[in-house]
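Here's the letter readout for the chains.
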Amino acid sequence: MSSPATPKMVRGYEVVIGIETHVQLSTQSKIFSGASTQFGAAPNTQACPVDMALPGTLPVMNKGAVERAIAFGLSVGSHIAPRSIFARKNYFYPDLPKGYQISQYEIPVVQGGSVSFFVGDTPHTVRLVRAHLEEDAGKSLHDDFSGFNGEKSSGIDLNRAGTPLIEIVTEPDIRTSAEAAEYARALHTLVVWLGICDGNMQEGSFRCDVNVSVRKPGAPLGTRREIKNLNSFKHIVQAADYEINWQIDEIEDGRAIQQATVLFNPDTGETRAMRSKEDAHDYRYFPDPDLPPLVIAPEWVERVRAQMPELPRVMAERFVRDFGLPEYDATMMTQSKAFGAFFEAAAQACGSPKLVSNWLMGEVSRRLNAAEQGIEQSPVSAELLAAMISRIADGTISNNGAKQVFDALWNGEGGGDAQARVDAVIEAKGLKQMSDTGELDQILDDILAANAKSVEEFRAGKEKAFNALVGQAMKATKGKANPATVNELLKKKLAG
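Let me begin by describing the structure that accompanies this report.

Conventions adopted
Residues numbered from 1 in each chain as written. Predicted model: local features only at pLDDT ≥ 70, side-chain atom pairs only at ≥ 80, totals over all residues. Heavy atoms only, no water. Helix = DSSP H or I, 4+ residues; strand = E, 2+ residues; numbered from the N terminus. Rg over C-alpha atoms; globule rule 2.2 N^0.38 Å. Buried < 20%, exposed > 50% of the residue type's maximum accessible area, 1.4 Å probe, protein only. Areas by Shrake-Rupley, 256 points an atom, 1.4 Å probe, with all protein chains shown as cover. Lys, Arg positive; Asp, Glu negative; His and termini not counted. Charge placed at Lys NZ, Arg CZ, Asp CG, Glu CD. Phe/Tyr/Trp six-rings, centres within 6.5 Å; stacked < 30°, edge-to-face > 60°. Lys NZ or Arg CZ within 6 Å of the ring centre and 35° of its normal. Core = buried A, V, L, I, M, F, W, Y, C linked by side-chain atoms within 4.5 Å. Polar contact = N/O pair within 3.5 Å; in protein donor to acceptor, adjacent residues only side chain to side chain. Contact = heavy atoms within 4.5 Å. Pairing = 2+ DSSP bridges. Right-handed = clockwise from strand over helix to strand, strands pointing away.

**Notes on the overall build of the protein chain**
Point 1. Of the regular secondary structure elements, the protein chain holds 15 helices and 18 strands.
Point 2. Over its C-alpha atoms the protein chain spans a radius of gyration of 30 Å, topping by over 25% the 23 Å that the globule rule assigns to 496 residues.
Point 3. C-alpha extents for the protein chain along the principal axes are approximately 95 × 60 × 55 Å.
Point 4. Here the protein chain, with 496 residues, has 47% of them falling under the buried criterion.
Point 5. Of the accessible surface of the protein chain, which amounts to about 23800 Å², a share of 51% is contributed by carbon and sulfur atoms.
Point 6. Of the side-chain charges in the protein chain, 52 are positive and 63 negative, and the distance between the mean point of each set is 2 Å.

Structural data, given as structure tokens:
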């Protein structure tokens, strides 16, 4: 894996990026109360006295939230703290009813670990500092919100207040916007795979704060600006790229970068400062007196470990070992549980795992992405894909013919079981390759007789002449000849 110190320059500057990701945990109730976490309810209908900080209320820890944090820590090779502390993070904001947020500071529940991923076919690893449990704040409503007497107004919805989160913090190991997006994508895959988060970025279940700074090579770390609440991988790239170039422009114009929290506007593609960035001491952290230390016994950790699914990296290692896939292919095959299951079913059915991964990374993914669908919605099932690939492997159809078969299958043509359906499409479209050597013998004899010059050039050492003869054979058979068979027969005839 690449070192986090590997320099990647933008206009003569090194970019340094760290990411804080807020992952909403998939519990049915909030982290310190029994109120529902279901999305989409009318404002303030899922905020109980604890969430609203009414006098006399006390928080009670949600066991399910702790178990999800443990599962995440185990999945990334972290240390699970046997004893962690909840703290009050003090700040004033209208959507924070208590005037403080219950979080973790000095002793978080998850410490260290790493996330590995690919950018293109280059592997990377990002180290994690921590992942701590905390409650979410409420939400301020401004757009088209009608207050008293129908006048335009702002309102506060406390439905999200108290929603359980883990905040996952990286070391400043990321050096490009593409790395930032791929790290976030890998993390998103992992938390959804574990079942600890639904991953719905539009609903705010997975939000990234991207810290960006730039520096000249060898210089100390630059002043960072934090881009808040990015909820798409595309926006991570756009926001980071804009911020990188903005900071370089400021420095080149002789202005110092001021630490700040900024927002990204996807309509303009620009970031703008929201407020000066706070440091930890500004929040006046202190242990929450209403919550005892969180004690996690080794037996609890082992119970969580026993209930965890096969992890993406473990499945990828198995695909390398059992199917002979390259590491990159294996990682792409484990982009989701459903994708991994689809690949495994198809590979076992046809016995050509590399061809399966090629098709899944290529035509299948291209069409699913265009339709904004997941592998679960693929019109071509694992069995159908395997049946088609088996006809490529046995020489019945060419790669070009396979594309036509795949198109027909995607559009629902053919009937019967998987193999019968594939064979029916091949027959109906006349795509079966000509592999009969007796039939090809005469065609090739005629081509050699009609192309004496190319024959002489080949025997004189010109390889291009051979390709020309193969082309003539494919033309004569209207592309139906098996190229491997044509090559083999031609070489024998030319050597005679």
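**A closer look at the packing of aromatic side chains**
Point 1. Per the stated rule, a full pass over the model turns up 11 aromatic pairs.
Point 2. On the numbers, 6.0 Å between centres and 70 degrees between planes, the contact of Y283 with Y285 is edge-to-face.
Point 3. Ring geometry for W359 and F406: centres 5.4 Å apart, planes at 45 degrees, overall tilted. Of this pair, W359 sits in helix α8 (residues 353-370) while F406 sits in helix α10 (residues 399-410), and the two are 47 residues apart along the sequence. The same class applies to W359 and to F406, which are both buried.
Point 4. In this structure an aromatic cluster arises from ring pairing among Y91, Y105, Y283 and Y285.
Point 5. Over the ring of Y13 we find K216; its NZ or CZ atom is 4.3 Å from the centre of that ring.

**Some details on the nonpolar core**
Point 1. Counting 67 residues, the largest nonpolar core has F72, L133 and Y183 as the members making the most contacts within it.
Point 2. Counting residues in hydrophobic clusters, the runner-up holds 40 residues, among them C350, I375, M388 and V425.

**Quick look at the side chain of H22**
Point 1. By the secondary structure assignment, H22 is in strand β2 (residues 13-24).
Point 2. By relative accessible area, H22 is classed as buried at 9%.
Point 3. A distance of 3.3 Å separates the side chain of H22 from the side chain of E167, its partner in a polar contact.
Point 4. In contact with H22, other than residues within four places in its own chain, are E134, L165, I166, E167, S205, F206, R207 and D209.

**With respect to the pairing of strand β14 (residues 225-230)**
Point 1. With five of its six residues buried, β14 lies for the most part within the structure.
Point 2. In this structure, strand β13 (residues 206-215) lies alongside β14, joined through four bridges in antiparallel fashion. Bridging across to β14, C208 finds its partner in L230.
Point 3. In this structure, β14 lies alongside strand β15 (residues 260-265), joined through three bridges in parallel fashion. By the bridge assignment for β15, R225 is matched with A260.
Point 4. Handedness of the β-α-β unit built from β14, helix α3 (residues 233-252) and β15 comes out left-handed.

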